[in-house]
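Understanding the architecture of this molecule
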Amino acid sequence: MALAEQAKRVADEFEFGKEDVRKAVKEFIREMDEGLQKDGAELSQIPTYVTAVPNGTEKGLYMAVDLGGTNFRVCSIQLHGNTTFSLTQSKVAIPRELMVAKTSKELFSFLAKQIEVFLKTHHEDHYFSHIRRRKTGDQIKEEEIFNLGFTFSFPVQQIGINKGLLMRWTKGFDIQDAVGKDVCALLQAEINELHLPVRVAALVNDTVGTLMARSYTSPGKTGTLLGAIFGTGTNGAYVEKLDKVTKLTSNKDAGDYDKSTGEMIVNTEWGSFDNSLRTLPNTPYDVELDAKSVNPGIQMFEKRVSGMFLGEILRLALVSLLKDPKIPLFRDENSAQNDVHSTTQIHEDSPLWKQWGIDTSFLSICAGDQSPGYRMTRQTLDKDYGITAVSAEDAEAVRVIAAAIGRRAARLSAVAIAAIVIETGRLNSSSTSAATTEKKESVEAPRGEGSSVADKDVIDVGVDGSLVEFYPGFEDHVRQALMEIEEIGEAGEKRIRIGIAKDGSGVGAALIALVAGRVGEDSE
Ligand code: BGC
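Residues numbered from 1 in each chain as written. Predicted model: local features only at pLDDT ≥ 70, side-chain atom pairs only at ≥ 80, totals over all residues. Heavy atoms only, no water.

The name an unreviewed UniProt entry gives the protein is Phosphotransferase, with Zopfia rhizophila CBS 207.26 as the organism. We quote the UniProt Sequence similarities (unreviewed entry) comment for the protein here in full: "Belongs to the hexokinase family." UniProt annotates the protein under Pathway (unreviewed entry) with the comment "Carbohydrate degradation; glycolysis; D-glyceraldehyde 3-phosphate and glycerone phosphate from D-glucose: step 1/4." (UniProt positions renumbered as here; feature names shortened; annotations may be inferred.)

Listed below in structure tokens is the structure:
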């Protein structure tokens, strides 16, 4: 069979049609309800103890750190109180060996060290005056301690605003002795060892940070409903009615929270939506990826949607084609042998032969390649993947499969967004979130997503992550799927405004640290 047909056959395996989307939305809604009622459900639906979203008037200087799946960021944020902020940040890649370290101390002492370096570089005066005071035994003033928001992008059972127990690792991390521990205490202990003027004031999931940041920068009349990450991992946090979070009232260990807004942000942990595969697609490549992952059987939605995994799905699909000597992908036509390695143009050390060898950014390159004969795709295959003399037909085959994987990921993402929009009843009302703190009449509208929908009808969604940011057409695919869902349709889809909340988790964590560490003059 011709290469193009083979590629189409594989691409078709990733088809996730209208009916599939609809069924998955129903299941998502069911799991949302279940997770609000009890612990241990597939969707964790973690109460965050954050009961209000900001309105853009908050002020002050805060610190935030963000342990994501790939990088560790340290930042200080000056909130100007007029929906704007300035941010100073540093970023380091998390060394692979620390992701699977023997002890959590190895990871957390590395994190504290980065905070120290940041303070010395960007807040020199503050840092050295603190050191001087310590040496001379002078009293350390409360206001000289930085309140820090800790964005920790893994599932945590939150038991207070700066206290939470790690439930499980995701995204390739695996440090067993941290599971069940309070990650704020682990970080504070290392900060104290270095005598840094920093208090871990709030523990924040990156999705909650994104929701907060989006609400700060784009308040308008509508509070943001959902903050979502489509990056190395995927997840969403949304504003839920407090009386629906019934597991909070039945749990005697639940901490205190403000009930006045009648709402609470809930961290869905949707990466583990439908772990039992009632409605998720399951190709042979998904099966293989899962079996060889560090956490088989869990984060099944994430394994089909997020950046950590899409490159690997593509790699497995391509390797399956290469296993068949009759399929002319990357074949050296002058060679008649049937052995995979000797008849291909693929270097034997090519990342194509290694688990995680293909980066998801390659899918973005494929999707965005409009050069004649797919020159960009071919060059990348040559330069980054050791596959030489790639023909235009080869490149086209790779692109067709890559596009199908990207499209499926976007349509699955739409399932999560749609379920939350439907389940929160936002489509039925012109709603302003009660949890949005007041005083926002004077806020101007330009948010760049320029829609003609009246402000009161907008359903605002803040997103962040490499996939939404860099995968060409990701949002278009999401929107297409949203329109296909009966309850949403074209009219509903128009009301959903999706906006990037760049640096959201840092700013959001600072905002939560602000609320948590409120010391009078900081807030207004
Ligand atoms: C984690 C979430 C996180 C998401 C996005 C997932 O693997 O479980 O807590 O929000 O990645 O970073």
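Following the structure, the description resumes.
Let us look at the pattern of salt bridges. Under the defined criterion, the tally for this structure stands at 31 salt bridges. With a shortest N-O distance of 2.9 Å, Glu190 and Lys105 are connected by a salt bridge. One end of the pair, Glu190, is in helix 6 (residues 183-193); the other, Lys105, is in helix 4 (residues 104-122), with 85 residues separating them in the sequence. With its nearest N and O atoms 3.9 Å apart, the salt bridge here joins Lys383 to Asp384. (Salt bridge = Lys/Arg side-chain N within 4 Å of Asp/Glu carboxyl O. Helix = DSSP H or I, 4+ residues; strand = E, 2+ residues; numbered from the N terminus.)

Read from one edge to the other, the open sheet built from five strands follows the order 4-3-2-5-8, with strand pairing classed as mixed. Edge positions in the sheet fall to strand 4 (85-93) and strand 8 (198-204), since each has one partner strand and no second. Taking the axes of each pair of neighbouring strands and ignoring which way they run, one obtains an average angle of 20° across the sheet. Pairing between strand 2 (residues 59-67) and strand 5 (residues 146-152): five bridges, direction parallel. Each bridged residue has a counterpart across the sheet, and for Ala64 the counterpart in strand 5 is Gly149. Against the sheet, helix 19 (residues 504-516) contacts strand 2, strand 3 (71-80), strand 4, strand 5 and strand 8, and its axis sits at roughly 60° relative to strand 3. (Pairing = 2+ DSSP bridges. Axes fitted to C-alpha atoms, helices over the stretch in contact; angles between N-to-C directions. Contact = heavy atoms within 4.5 Å.)

Every buried residue of helix 6 is accounted for by Val183, Cys184, Leu186, Leu187, Gln188, Glu190 and Ile191. Each element contacted by the buried residues of helix 6 is listed here: strand 2, helix 4, strand 5, strand 6 (156-160), strand 7 (163-166) and strand 8. N-capping of helix 6 is provided by Asp182, with a side-chain oxygen placed 3.0 Å from the backbone N of Cys184. Positioned one or two residues after helix 6, His195 has a phi angle of 55°, which is positive. (Buried < 20%, exposed > 50% of the residue type's maximum accessible area, 1.4 Å probe, protein only. Polar contact = N/O pair within 3.5 Å; in protein donor to acceptor, adjacent residues only side chain to side chain.)

Okay, the UniProt feature "domain: Hexokinase N-terminal" (unreviewed entry) in the protein next. Per the UniProt record, "domain: Hexokinase N-terminal" (unreviewed entry) is annotated on residues 7-216. Here residues 7-216 runs as 40% helix and 25% strand, with 45 Å between its end C-alpha atoms.

Let's shift gears to the sheet that holds strand 13 (residues 496-500). Spatial strand order, 1-11-10-9-12-13: six strands in an open sheet with mixed pairing. Looking at which strands have only one partner, the edges of the open sheet turn out to be strand 1 (46-47) and strand 13. Strand direction decides the pairing type here: strand 10 (residues 234-241) and strand 11 (residues 263-267), joined by five bridges, are antiparallel. Its bridge partner being in strand 11, Tyr238 is matched across the sheet by Val266. Docked against the sheet, helix 7 (residues 206-217) engages strand 9 (226-230), strand 10, strand 11, strand 12 (459-464) and strand 13, running at close to 125° with respect to strand 9.

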